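A structural walkthrough
Chain residues, written in single-letter form:
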Amino acid sequence: MYRETEIIRPVPKIPASENGSREADDLVINIGPQHPSTHGVLHLVVTLNGETIKKIEPHLGYIHRSIEKMCESLTYRQFIYTTSRMDYLSAHINNLCCAMCVEKGMQIEVPERAQVIRVLMSELTRIASHLLWWGALAMDVGAITPFFHAFREREVINDIMEETCGARLTMNYMVPGGVMFDLHPNFQKHVHEFIDLFKSKIDEYDELVTNNVIFQARTKNIGMLSYEDAISYGCTGAAARGSGVSCDIRKIYPYSIYNKLEFDECIEYACDSFARYMVRMRELRQSLSIVEQLIENIPQGDFQAKTKAVLKLPKGEFYSRVETARGEFGVYIVSEGGTTPYRIKFRSPGFSNLSALDHMARGQKIGDLVAMMGSLDLVIPDIDR
Amino acid sequence: MTNEELKSELLQIQPVITVDETGEWLNVNIESKDWPSFAKQLHDKENLFFNYLFCLTCVDWKTHLTMVYHLSSLRFHHNIVVKSKLERNNAEIETVCNLWKTAEFHEREVYEMFGVNFINHPDLRLLILPDGWEGKNPLRKDYEDSINMIKL
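Bear in mind the structure is a predicted one, so any value in this text is a computation, not a measurement.

1. Things to note about the overall build of chain A
Per the secondary structure count, chain A includes 15 helices and nine strands. Over its C-alpha atoms chain A spans a radius of gyration of 22 Å, differing by no more than 12% from the 21 Å that the globule rule assigns to 385 residues. Taken across its 385 residues, chain A has 49% of its residues classed as buried. If you take every contact in chain A between residues at least 6 apart in sequence, the share linking residues at least 24 apart comes to 70%.

2. Thoughts on the pairing of strand β7 (residues 316-323) of chain A
For β7(A), the tally of buried residues reaches seven of eight residues, placing the bulk of the element in the interior. In this structure, the hairpin formed by β7(A) and strand β8 (residues 328-335) of chain A is closed by a connection of four residues, where A:G327 is found at a positive phi of approximately 150°.

3. Re the packing of helix α4 (residues 112-140) of chain A against helix α14 (residues 369-376) of chain A
Residue and element names in this part refer to chain A. The contact between α4 and α14 brings their axes to 9 Å, and the two run at 175°. Taken together, the axes of α4 and α14 lie roughly antiparallel to each other. Counted together, A136, L137 and D140 of α4 and V370, A371, G374 and S375 of α14 form the full contact between these two elements. Its residues placed into classes, the contact of α4 with α14 shows four nonpolar, two polar and one charged.

4. A look at the environment of A:I53
All names here are of chain A. Assignment of secondary structure puts I53 in strand β4 (residues 52-59). We classify I53 as buried; it has 23 C-beta atoms within 10 Å. Taking the C-alpha atoms as reference points, I53 and Q364, 311 residues apart in sequence, are found 5.7 Å from one another. Once you skip the residues sitting within four places of it in the chain, I53 turns out to touch V46, L48, A361, R362, G363, Q364, I366 and L369.

5. Quick look at the confidence of the model for chain B
Residue and element names in this part refer to chain B. With 97% of its residues at a pLDDT of at least 70, chain B reaches an overall mean of 84. Here helix α1 (residues 3-13) is the element of chain B with the lowest mean pLDDT, 78, and strand β4 (residues 64-72) is the one with the highest, 90. As a predicted assembly, this complex carries a pTM of 0.86 together with an ipTM value of 0.88.

The rules we used
Residues numbered from 1 in each chain as written. Chains lettered and ligands numbered in written order. Predicted model: local features only at pLDDT ≥ 70, side-chain atom pairs only at ≥ 80, totals over all residues. Helix = DSSP H or I, 4+ residues; strand = E, 2+ residues; numbered from the N terminus. Rg over C-alpha atoms; globule rule 2.2 N^0.38 Å. Buried ≥ 20, exposed ≤ 12 C-beta atoms within 10 Å, placed from the backbone. Contact = placed C-beta atoms within 7 Å. Pairing = 2+ DSSP bridges. Axes fitted to C-alpha atoms, helices over the stretch in contact; angles between N-to-C directions. Parallel < 35°, antiparallel > 145°, perpendicular 65-115°, else oblique. Nonpolar A, V, L, I, M, F, W, Y, C, P; charged D, E, K, R; others polar. pLDDT = per-residue confidence, 0-100.

So this is what it looks like as structure tokens:
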């Protein structure tokens, strides 16, 4: 294991027989934990031969908070909030997964209005998350302007969230049985305004980045991940769908009201970074279409089912899975019948997606590494948990 | 395949398993020594085709540990849960890295958090925890840390 202090150093001459494939000319460098392109505190130890990547070893844990252990002493109402701190860009969707798992265990029926609000919020979150990713990816490969464009539109969604949920990032809006508060009276109006605004902007994004020759040159045929490898590495979300894997949980195991909605699963077959980029760009349009379908007719009624003050899950094991902006997120609860879970496991999409990075990057150039990482859309607290 | 069909199919290929159908998915209990061959069949058999390991974890039951593998088939969209009991003092089980590459990271996490030794794992060392943490397994129930422990 390499220490963080050894920022850059040539590897001492080691006979090949003692140390596998490493040769005397190889250079080991640390990328991160504080590096802008890692989008957080990710530490990659990269073995290079010249400019060619021979091996990548991720060193995790800089933002590990042991959420799983913490959850063992939190009640079923409290533990949901810790998941907002994991993948903070998909906070609503993570919360939804936990709420659904508790509902599954207690057999709570969620009112129609709550279901619609949940899906609306999830899709708005997905748009906001993809916007941040889009801006950050463009910045990673050297374009500064898109970041400001993306943040301008993301700001509108954050304002909508703030109005209804009271927070802009860790919303904690989903509770077992529904949502915490009713929608703000201005919600529909503001979402309509956002839809009108975003429709014109999304074409602008394509003009600015997607059709840009330099951007395409930086991402096409970079970071190849084959169909079989994508599945074997447990990749989900755009990382897998860019390799032709049909893995959208909203389609294959529909939850909430997704089976009543019309949307396409976006799959690309080129297996490279650009394919993963295109999946997310298409998902932006699909999410917008879902929001459009729902915003006109939010049913009246309760926004929360009546639940007991103290929630107790029956003895047993419960698993629920959702599609976050990054891929499949799963919650596995082992209950002993008490008010707190006996064991919780969060299956986070970033953890599995990251494990494919080494495979993807081998033999590629170091300069392309940021484009590969950007196309995986890693959120570090989601990986470390 | 439905849970019923899966059950009869699995009992055919490995008669020593016990099956629990109370949950949403079929739960299969297997001895750790039979797991490698069973895993290979689950992965390779044409009509099962469990190509996607979506969750790998461990549960500490105070008297023993249980490895939990959630498997799914992206072709047939059926899921099973495989469980294997391990001794608490001498926890070891064969790795499944060779079948599902995602297991490499997940097993490293279980190794450091629960102290399970994965036989034939290519690179079994700490992943999330800092250097020198070996021997203390934070997600075991008897783990005590007087300074950083959060008890609510």
